[in-house]
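An overview of the molecular structure
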Amino acid sequence: MATGVQEVLPPALDSTSDPPPVFDGTTRLYISYTCPYAQRVWITRNCKGLQDKIKLVPIDLKNRPDWYKEKVYPANKVPSLEHNNEVKGESLDLIKYIDSQFEGPKLFPDDPAKEEFAEELLSYTDTFNRTVYSSFKGEGEAGTAFDYIEAALSKFNDGPFFLGQLSLVDIAYAPFIERFRAFLMDVKEYDITAGRPNLATWIEEMEKNEAYKQTRQDPKELVEGLKKRYMAQL
Ligand SMILES: N[C@@H](CCC(=O)N[C@@H](CS)C(=O)NCC(=O)O)C(=O)O
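A short tour of the structure in this document, coming up. Because the structure is a prediction, the values reported are computed rather than measured.

Attention now moves to the site of the ligand. All residues in the neighbourhood of the ligand are listed as Cys35, Pro36, Tyr37, Leu61, Arg64, Asn76, Lys77, Val78, Pro79, Glu90 and Ser91. Val78 is positioned with one of its backbone polar atoms (N or O) 2.9 Å from a nitrogen atom of the ligand. Starting from 510 Å² of accessible surface for the ligand in isolation, the protein chains cover 70%. Split into classes, the residues belonging to the shell around the ligand amount to six nonpolar, two polar and three charged.

Here strand β3 (residues 80-83) pairs with strand β4 (residues 86-89) via four bridges, running antiparallel. Within β4, the position partnered with Ser80 by the bridge is Gly89. In this structure, the hairpin formed by β3 and β4 is closed by a connection of two residues, where Asn84 is found at a positive phi of approximately 50°.

A few words now on helix α9 (residues 219-230). The terminal C-alpha atoms of α9 lie 16 Å apart, and with twelve residues this matches the ideal 16 Å at 1.5 Å per residue to within 8%. When α9 is considered as a whole, its buried residues turn out to be Leu222, Val223, Leu226 and Tyr230. Considered in projection along α9, the buried side chains sweep an arc of 95° and stay on one side of the axis. Opposite its buried face, α9 presents the exposed residues Lys220, Glu221 and Lys228, each directed more than 90 degrees away.

One pass over the full model with this rule turns up 16 salt bridges. Notably, a salt bridge pairs Glu7 with Arg45, separated by 2.7 Å at the nearest N-O pair. Highlighted residues: Glu7 in the segment before β1 (28-31) and Arg45 in helix α1 (residues 36-47), separated in sequence by 38 residues. For Arg45, a relative accessible area of 0% puts it in the buried group. For Lys96, the salt bridge is made with Glu119, and the minimal N-O distance between the two is 3.0 Å. Here Lys96, found in helix α3 (residues 91-101), pairs with Glu119, found in helix α4 (residues 112-136); they are 23 residues apart in sequence, far enough to count as distant. Through salt bridges with shared partners, one network takes in Glu178, Arg181, Glu207 and Arg216.

Both faces of β1 are covered, namely the face carrying Arg28 and Tyr30 and the face carrying Leu29 and Ile31. In this fold, the crossover linking β1 to strand β2 (residues 55-58) by way of α1 has right-handed handedness. Sheet analysis places β1 next to β3, joined by three bridges and oriented antiparallel. Of the residues in β3, the one forming a bridge with Leu29 is Leu81.

Turning our eyes to something else, we now look at the nonpolar core. The biggest cluster of nonpolar side chains holds 69 residues, and the ones touching the most others in it are Phe128, Phe162, Tyr173 and Trp202. Element by element, the count of residues in this core is highest for helix α6 (residues 168-188), at eleven residues. Setting aside residues up to four positions removed in sequence, Phe128 forms contacts with Ala145, Phe146, Ile149, Tyr173, Ile177 and Phe180.

Cut-offs used in this document
- Throughout this description, residue numbers start from 1 for each chain and increase along the sequence as written.
- A pLDDT threshold of at least 70 governs which residues receive local features in this predicted model, and a stricter bar of 80 or more applies before side-chain atom pairs are shown or counted, although totals over entire chains, interfaces and linings include all residues.
- As a rule here, side-chain values come from all non-hydrogen atoms in the structure, and water together with hydrogens is ignored.
- We define proximity as follows: a residue is near a molecule or strand when any one of its heavy atoms falls within 4 Å of that partner.
- Here a polar contact is taken to be a pair of N or O atoms separated by no more than 3.5 Å, where protein atoms must pair a possible hydrogen donor with a possible acceptor and residues adjacent in sequence count only if both atoms sit in side chains.
- Only the protein chains shown count as covering a residue, and every accessible area follows the Shrake-Rupley method with a 1.4 Å probe.
- When residues are sorted by character, Ala, Val, Leu, Ile, Met, Phe, Trp, Tyr, Cys and Pro go into the nonpolar class, Asp, Glu, Lys and Arg into the charged class, and all the rest, Gly among them, into the polar class.
- Pairs of strands are assigned from DSSP output, requiring at least two bridges between the strands.
- Going along the chain from the N terminus, every DSSP run of H or I of four or more residues is numbered as a helix, and every run of E of two or more is numbered as a strand.
- For a helix, the expected span equals 1.5 Å multiplied by the number of residues minus one.
- A simple rule labels every residue: compare its accessible area, found with a 1.4 Å probe on the protein chains alone, to the largest value its type can have, and call it buried under 20%, exposed over 50%, or partly exposed in between.
- The arc in question is the one spanned by the directions pointing from the helix axis to the C-beta atoms.
- The rule for a salt bridge is simple: a side-chain nitrogen of Lys or Arg has to be within 4 Å of a carboxyl oxygen of Asp or Glu.
- For crossovers, right-handed means that the path from the first strand over the helix to the second runs clockwise, given strands pointing away from the viewer.
- Definition of nonpolar core: a set of buried residues of the types Ala, Val, Leu, Ile, Met, Phe, Trp, Tyr and Cys, connected through side-chain atoms within 4.5 Å.
- Contacts: residue pairs with any heavy atoms within 4.5 Å of one another.

Honestly, that's just the spatial picture; any functional story needs more than this.
See below:
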């Protein structure tokens, strides 16, 4: 399927749903529609045009089917990928795995300087997320994390993305920046793009990407989800 084609998304499976025929040779990507980690892998699949090769299996995390832990992924988290009779997890590992093991445009650089910077940025994602989530709870400043992103975006001047062209780095950050931007604007009236022109352009360019667009949820619902989780502590 071409990257621009709108896919009809299947309904999420819950505790009343039968399991798919696991280990029948089908490659399956287990996700939740609202999980930012799963979204990373879903975007990668779409960017590589693998909609027909990797079947999307959405799970309702609030009413999880027992078979998911028992038959598919004992860690009981999303995302996971069923491929070649194995199930693998961890979003950052999965986006690299899909990029290297499947066809479609390469999303990781060959250039050694870009590769080194890509690894640095990928290893910063957990710190970035922790810093911003802590600020939701009133601990520390989110601004430093966004300043790091703003500076990183001007390292290579050959495109609007972290490494110039779209890569796994953009894909790793996009689901989180999307949520953080909406939440901070709504709850704290803080515009993360104010005074950060590189970040503003990056968001604009990401939003034009069809593969990413198809994975996006209603920002209002994302904000509601985050509010439920963090508002009690605000
Ligand atoms: N480090 C994991 C995190 C995945 C994760 O925490 N997923 C959440 C949903 S957003 C989950 O499955 N939570 C269910 C649980 O922990 O029981 C990754 O990068 O894939």
